[in-house]
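Next come the chains, spelled out residue by residue.
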Amino acid sequence: MAYLTLRGINKIYPNGFHAVHDFNLEIEKGEFIVFVGSSGCGKSTTLRMIAGLENISKGEFYIDGERANEMGPRERGVAMVFQSYALYPHMTVYENLAFGLTLQGVDDDVIEERVNNTARILGLTDYLERLPRELSGGQRQRVAVGRAIIRKVNIFLMDEPLSNLDAKQRVTMRSEITQLHRETGATTIYVTHDQTEAMTMADRIVVMKDGYIQQVGTPYDLYFNPMNMFVAGFIGEPPMNFIESRVSSGNLTLNDNHIELRAVADQDVLDKYEGSQIVFGFRPESIRPALGDSGRGGYKIRCFVNLVELLGDTTNVYVNFDGFNVILKVDPHQSPSVGSQFDFVIPYESVYLFDKQTEKRIKTKSFK
Ligand code: ADP
């Protein structure tokens, strides 16, 4: 059995709302797992059931092989970091860090050593005598993380810990938490709605929607092999482009461009979807400007440029073709200008097909 096992977990709140459905997951010791999804999809509820702050309505939860459904939060050996830092405002950083240990009756000299050690790891040594209101948001969040790691537990649970920080602080704290995880080796479950945090921090990501797991996988898996339209659209920035169209004689019915599905799909797929709607997906960053190239190995598309956003390292080009608005990522030096006509190539191996009805991925020549 894995270190943490969640088997058929459900949460039905007292008002009857079914927030989490049949959640199954095995987590190995030391893994960094991220739950990601839009607000309200059940991430916090699941985390709180793991922490023992919410009871599990149905299903089983095991820690290290032992049934944990009925264990209290303390017994589970978890430490939790919340979005709101929940620091004691009238206590110094030192006292905030020491508080939990003092309550446990740990000796003063041991406390001092652990506080100093934690402060060193988190870069708080110079701030130990300050009150929380004398710290920046990032420093406060570090104290909150420090209060969790000082307890030397095996399992860290973090609920949107960076959402109160500004963009720059978030990037810094992101790498600090990842590094901390590497140093402590503690099994970590981290909740966020931010796909960039999920992609950069996780060993494995759990994508959730409406209380259901959509897919579990490494960041690489989720980006390159999304199993449905939700995951394909959620992971990646800007999101994957989707074009909905009818399949007719193995081609997508478009006005000016020609997309012959035979190049990416086998005959059985073409037969199955003949006459029905299909979703054709490609990522903004997977295209190349045609620039006189014949479009070999891909679909050559003609479009019209509506808007160009220079981001520095890349340019987002908002275009329209055959009535669809899509986004392309282009090298700033090759960027077309607004109002112009632009030809680009979608390589065959970058094409994703989805069933319009079920929104599930359809197999293609490069994805069986
Ligand atoms: P997330 O963390 O993904 O934003 P939550 O787990 O907080 O989502 O909430 C999942 C769903 O459960 C939401 O629709 C929320 O409104 C609902 N919910 C959360 N707490 C309660 C509660 N105590 N009673 C009833 N419904 C709740």
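Structural notes, computed from the coordinates.

Quick notes on the rules
Residues numbered from 1 in each chain as written. Predicted model: local features only at pLDDT ≥ 70, side-chain atom pairs only at ≥ 80, totals over all residues. Heavy atoms only, no water. 1 Å grid on protein atoms, 1.4 Å probe; cavity = no way out; pocket = protein on both sides within 12 Å on 5 of 7 lines; lining within 4 Å. Points joined across faces, edges and corners; volume = space filled by probe spheres on them. Helix = DSSP H or I, 4+ residues; strand = E, 2+ residues; numbered from the N terminus. Nonpolar A, V, L, I, M, F, W, Y, C, P; charged D, E, K, R; others polar. Expected span 1.5 Å × (residues − 1). Buried < 20%, exposed > 50% of the residue type's maximum accessible area, 1.4 Å probe, protein only. Contact = heavy atoms within 4.5 Å. Phe/Tyr/Trp six-rings, centres within 6.5 Å; stacked < 30°, edge-to-face > 60°. Lys NZ or Arg CZ within 6 Å of the ring centre and 35° of its normal. Core = buried A, V, L, I, M, F, W, Y, C linked by side-chain atoms within 4.5 Å. Lys, Arg positive; Asp, Glu negative; His and termini not counted. Salt bridge = Lys/Arg side-chain N within 4 Å of Asp/Glu carboxyl O. Polar contact = N/O pair within 3.5 Å; in protein donor to acceptor, adjacent residues only side chain to side chain. Near = heavy atom within 4 Å. Areas by Shrake-Rupley, 256 points an atom, 1.4 Å probe, with all protein chains shown as cover.

1. A closer look at the layout of surface pockets
Reasoning step 1: Empty space within the largest pocket amounts to approximately 540 Å³.
Reasoning step 2: Considering the residues around the largest pocket, the lining is formed by 24 residues, among which Arg74, Ala79, Met80, Arg147 and Arg151 are closest to the centre.
Reasoning step 3: Take the lining of the largest pocket: its biggest share by element is six residues, from helix α2 (residues 93–103).
Reasoning step 4: Of the residues belonging to the lining of the largest pocket, the class tally is 18 nonpolar, three polar and three charged.

2. Overview of helix α4 (residues 137–149)
In an α-helix there are 3.6 residues to a turn, and that puts residues three or four apart on one side.
Reasoning step 1: With 13 residues, α4 ought to run about 18 Å at 1.5 Å a step, and its terminal C-alpha atoms sit 19 Å apart, in line with that.
Reasoning step 2: The buried fraction of α4 is high, at ten of 13 residues.
Reasoning step 3: Those residues of α4 lying buried are Gly138, Gln139, Gln141, Arg142, Val143, Ala144, Val145, Gly146, Ala148 and Ile149.
Reasoning step 4: Lining the buried residues of α4 we find β6 (78–81), α2, α3 (108–122), β7 (155–159) and α5 (167–184).

3. Considerations on the packing of aromatic side chains
Reasoning step 1: Applying the stated criterion across every chain yields a total of 14 aromatic pairs.
Reasoning step 2: Measuring from ring centre to ring centre gives 5.7 Å for Phe242 and Phe354, while their planes differ by 85°; the resulting arrangement is edge-to-face. A residue pair is termed long-range when its members are at least 10 positions apart, and Phe242 in strand β11 (residues 241–248) and Phe354 in strand β20 (residues 352–355) qualify at 112 residues.
Reasoning step 3: These aromatic residues form a ring-pair network of at least three members: Phe280, Phe282, Tyr299, Phe321, Phe324, Phe342, Phe344 and Tyr348.
Reasoning step 4: The residue whose ring lies beneath Arg283 is Tyr352, and the NZ or CZ to ring-centre distance is 6.0 Å.
Reasoning step 5: Stacked on the ring of Phe367, the Lys or Arg Arg361 has its end atom at 3.6 Å from the ring centre.

4. So, the nonpolar core
Reasoning step 1: Phe156, Ile177, Tyr190 and Val207 are the most contacted members of the largest nonpolar core, which has 46 residues in total.
Reasoning step 2: Counting residues per element, this core draws most heavily on α4, at five residues.
Reasoning step 3: Judged by nonpolar contacts, the second largest core, of 31 residues, contains Ile278, Ile301, Val319 and Phe344.

5. Thoughts on the side chain of Arg76
Reasoning step 1: Mapped onto the elements, Arg76 comes out in the loop between β5 (66–67) and β6.
Reasoning step 2: Despite being buried, Arg76 has no salt bridge partner; Glu75 is the closest side chain of opposite charge, sitting 7.1 Å away.
Reasoning step 3: There is a polar contact of 3.1 Å between the side chain of Arg76 and the backbone oxygen of Ala68.
Reasoning step 4: Discounting residues that sit within four places of it in the chain, Arg76 has contacts with Met49, Ile50, Ala51, Gly52, Phe61, Ile63, Ala68, Asn69, Met71 and Ile155.

6. Observations concerning the site of the ligand
Reasoning step 1: If you check the shell around the ligand, you find Tyr13, Asn15, Phe17, Ala19, Ser38, Ser39, Gly40, Cys41, Gly42, Lys43, Ser44 and Thr45 and nothing else.
Reasoning step 2: Separating an oxygen atom of the ligand from a backbone N or O atom of Gly40 is a distance of 2.7 Å.
Reasoning step 3: Here Thr45 contributes a side-chain N or O atom positioned 2.5 Å from an oxygen atom of the ligand.
Reasoning step 4: Against a free-state accessible area of 560 Å², the protein chains account for coverage of 63% of the ligand.
Reasoning step 5: Residue contributions to the shell around the ligand peak at three residues, all from helix α1 (residues 43–51).
Reasoning step 6: Of the residues assigned to the shell around the ligand, the class counts are four nonpolar, seven polar and one charged.

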